[in-house]
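# Geometric and topological summary
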Amino acid sequence: MKAILARLNEMVDVVKEKDPAIRSTIEVILYPSFWAVINHRIAHVFYKKRMFFVARVISQLSRGLTGIEIHPGAQIGKRFFIDHGMGVVIGETAEIGDNVMLYHGVTLGGTGKDKVKRHPTVGDNVLIGAETIVLGPVTIGANTKIGAGSVVLEDIPANVTAVGSPTKIVRKDGIRIKPTDPSEFTGKKKKAV
């Protein structure tokens, strides 16, 4: 029970830390992403116990209440936060690290072409801007920022800022650079979609 209360307190602290509009702890209970993450953590427990129908019921009810769709199979780290969450979609095989922040309308989805690992892997300390679409089993490296409205179809390295469609890296280690294709950093060729 102590562990559950500690986790809930951590979640409250994250909401208060990340959203300056929250002025009190009681306001956090009105925050859709707070409930979406709680519901996901419960659904994920059932998913791991192979109780898929129960897990799916919880996630679908949560989707209806919050406007945030997180598949119960998605793996989500600590201090995860969704700001203005409406329209966020996170697929079954998505893996999200610690201290990740998503804005409204973000999709961590699949392309329909992959069979096992179908969804993105997001490293620690990543920020993904509003209405960004990240598709397929791509990796977004730690400490990376993805600008609003971007479309990510290939790996993005750590410690960069990437924007646009197609995505270009515009900052590396905090220093502005000439817009560069991510494959220049990762050595991987672009995937055809």
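Here is a short report on the structure shown in this document.

Criteria and cut-off values
Residues numbered from 1 in each chain as written. Predicted model: local features only at pLDDT ≥ 70, side-chain atom pairs only at ≥ 80, totals over all residues. Heavy atoms only, no water. Helix = DSSP H or I, 4+ residues; strand = E, 2+ residues; numbered from the N terminus. Expected span 1.5 Å × (residues − 1). Contact = heavy atoms within 4.5 Å. Salt bridge = Lys/Arg side-chain N within 4 Å of Asp/Glu carboxyl O. Buried < 20%, exposed > 50% of the residue type's maximum accessible area, 1.4 Å probe, protein only. Pairing = 2+ DSSP bridges. Core = buried A, V, L, I, M, F, W, Y, C linked by side-chain atoms within 4.5 Å. 1 Å grid on protein atoms, 1.4 Å probe; cavity = no way out; pocket = protein on both sides within 12 Å on 5 of 7 lines; lining within 4 Å. Points joined across faces, edges and corners; volume = space filled by probe spheres on them.

Given a rise of 1.5 Å per residue, 17 residues ought to cover 24 Å, and the 24 Å separating the end C-alpha atoms of helix 3 (residues 32-48) matches this to within 8%. Packing partners of the buried residues in helix 3 comprise helix 1 (2-18), helix 2 (25-28), helix 4 (52-66), strand 1 (69-70), strand 2 (75-76) and strand 3 (81-83). Residue arginine 50 follows helix 3 closely and has a positive phi angle near 65 degrees.

What follows deals with the pattern of salt bridges. By the definition in use, this model includes 6 salt bridges. The salt bridge partner of glutamate 92 is arginine 118, with a shortest N-O separation of 2.7 Å. Residue glutamate 92 is located in the loop between strand 4 (89-90) and strand 5 (95-96), and its partner arginine 118 is located in the loop between strand 7 (107-109) and strand 8 (121-122); the two are separated by 26 residues in the primary sequence. With relative accessibility at 21%, the residue glutamate 92 sits in the partly exposed group. Relative accessible area serves as the criterion here: at 24%, arginine 118 is assigned to the partly exposed category.

Turning our attention to the sheet that holds strand 4. In spatial order, the strands read 1-4-7-10-13; together these 5 strands make up an open sheet with parallel pairing. Looking at strand neighbours, the two that pair on one side only are strand 1 and strand 13 (151-152), the edges of this open sheet. As defined by bridge partners, strand 7 adjoins strand 10 (residues 133-135) across 3 bridges and the pair is classed as parallel. From the neighbouring strand, threonine 107 faces strand 10, where its bridge partner is isoleucine 133.

Quick look at the nonpolar core now. Core analysis: the largest hydrophobic core is formed by 39 residues, its most contacted members being Phe80, Ile90, Leu102, Leu108 and Ile128. Of all the elements in the fold, those that place two or more residues in this core are helix 1, helix 3, strand 3, strand 6 (101-103) and strand 14 (160-163). Non-local contacts of isoleucine 128, meaning those with residues more than four positions away in its chain, are made with Met101, Leu102, Tyr103, Val106, Leu108, Val122, Ile140 and Ile146.

Overall, the coordinates contain 2 cavities of 30 Å³ or more when judged by the stated rule. The computed volume of the largest cavity comes to approximately 90 Å³. Every residue along the wall of the largest cavity is listed here: Met11, Val14, Val15, Ser33, Phe34, Val37, Arg41, Arg79, Phe80, Phe81 and Ile82. Counting only elements with at least two residues in the lining of the largest cavity, the list comes to helix 1, helix 3 and strand 3. If you tally residues by element for the lining of the largest cavity, the top one is helix 3, at 4 residues. Roughly 40 Å³ of internal volume is contained in the second largest cavity. Together, Ala36, Asn39, His40, Ser59, Ser62, Ile68 and Ile70 line the second largest cavity. When contributions to the lining of the second largest cavity are tallied by element, the ones reaching two or more residues are helix 3 and helix 4. Residue contributions to the lining of the second largest cavity peak at 3 residues, all from helix 3.

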